[in-house]
Amino acid sequence: MNNFISVGDVTDIEALIKKALFYKSNPFADRKLGADKCIGLIFLNPSMRTRISTQIAAQNLGMEPIVFNVDKEGWALEFEEEAIMSGNTVEHVKEAAPIMGKYFDILCIRTFPSLKNKEDDYSELHIRQFMKYAGIPVVSLESSTLHPLQSLTDLVTIREELESGGANPDRRPKIVLTWAPHMKPLPQCVANSFSQWVNAWGKAEFVITHPEDYELDEKFTRGAEITNNQDEALKNADFVYVKNWSTFKDYGKIYCNDPEWMLNLEKLKATNSARVMHCLPVRRNVELSDEVLDSPGSIVSRQAGNRVWAAQAVLSEVLKNWTR
Ligand code: CP
């Protein structure tokens, strides 16, 4: 693996899941793999889980992580080619990325979509410009349209749950991705990415449910069953992944914000004692009720804890192919 931007960079999803679970039991097994290497974690927007888990993962592999919060501590970056920089941006990615490529051995980037310019967001302008100009491996810590480290974590958590439940780990679970209300327009990244990974994994019955007008980009959802009937979707579900996203077609809008879409214990009765997942942060009693989040069926904390092992599995694959 040279870069990690989407599931397309992974040759064997199941092997990567197993690698993450191996690191969970053996965190320091590859302590020397990243010795004398420096990894840059560049954030253009806030983060808790991604930042800390990737730092720990890098340290477990013997690397020196350096975190740089560009949004708070750096010069405002310009990404457009041939930009006339007479506005708010101070430094072009054409200068910033190659300099980071000299300082670091691996570059990890967290960006966010504008939710205004669909073309720029869905062309992944920010991360592609870093890949073009940095000259070193680039790992996505969430981009404009995808969050692959989160999605790998999600599959690791599902696999772990299937195995710890004593079930046949090869049983096809029913996984439901359900839209949840939110008062702010949020990116489609987590939902896009989760859909892309579950479809590529191919080991589950996968259903996506959302209100009308919240269709995601088909290139990520193709292969899933899609319905506007949440109650129907939840029937016999083994895993319910809860997430808000803003509209894709009429880009970045909030159409419906019906609180009836918030998952509660009553709705979960239709499931197969489903485990409830969310990438976090979560708005309590808006996206998910207290009663669900505080119930034994919620695995959101374990899911977030698994971010370390997913990041460690990915970084170890990048290190194995690393050449200067
Ligand atoms: N799930 C996730 O990416 O969390 P952070 O935004 O805190 O990194």
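Given the structure is predicted, the values throughout are model-derived calculations rather than measurements.

What follows covers the domain arrangement of the protein chain. What the domain assignment lists for the protein chain is domain 1 (7-146 + 307-321) and domain 2 (150-305). Listed by partner, the interface residues are 28 residues for domain 1 and 34 residues for domain 2. Buried area between domain 1 and domain 2, both sides added, is near 2,600 Å², and the carbon and sulfur share of it is 65%. Considering only the surface of domain 1 that becomes buried against domain 2, L115, Y122 and R307 emerge as the three largest contributors, covering 27% of it. Put simply, domain 1 and domain 2 have two salt bridges between them. When the shortest N-O distance is used, the salt bridge between E14 and R159 registers 2.7 Å. Between domain 1 and domain 2 we count 13 residue pairs in polar contact (both at pLDDT 80 or more) in total. Residue assignment for the side of domain 1 that touches domain 2 shows that the elements contributing at least two residues are α1 (13-25), α5 (118-122) and α14 (307-320). Take the side of domain 1 that touches domain 2: its biggest share by element is seven residues, from α1. Tallied by class, residues from the side of domain 1 that touches domain 2 come to 16 nonpolar, four polar and eight charged.

Here the idea is simple: oppositely charged side chains can pair when their charged atoms come close. Counting across every chain of the model gives 18 salt bridges. Between E218 and R222 there is a salt bridge; the shortest N-O distance is 3.8 Å. By relative accessible area, E218 is classed as exposed at 53%. R222 sits in the exposed class, given a relative accessible area of 57%. Salt bridges linked by common partners bring K24, E160, E161, R275 and R302 together as one network.

So, how was this worked out
- Residues numbered from 1 in each chain as written.
- Predicted model: local features only at pLDDT ≥ 70, side-chain atom pairs only at ≥ 80, totals over all residues.
- Heavy atoms only, no water.
- Domains from an automatic or database assignment.
- Contact = heavy atoms within 4.5 Å.
- Buried area = accessible area lost by both parts, 1.4 Å probe.
- Salt bridge = Lys/Arg side-chain N within 4 Å of Asp/Glu carboxyl O.
- Polar contact = N/O pair within 3.5 Å; in protein donor to acceptor, adjacent residues only side chain to side chain.
- Helix = DSSP H or I, 4+ residues; strand = E, 2+ residues; numbered from the N terminus.
- Nonpolar A, V, L, I, M, F, W, Y, C, P; charged D, E, K, R; others polar.
- Buried < 20%, exposed > 50% of the residue type's maximum accessible area, 1.4 Å probe, protein only.

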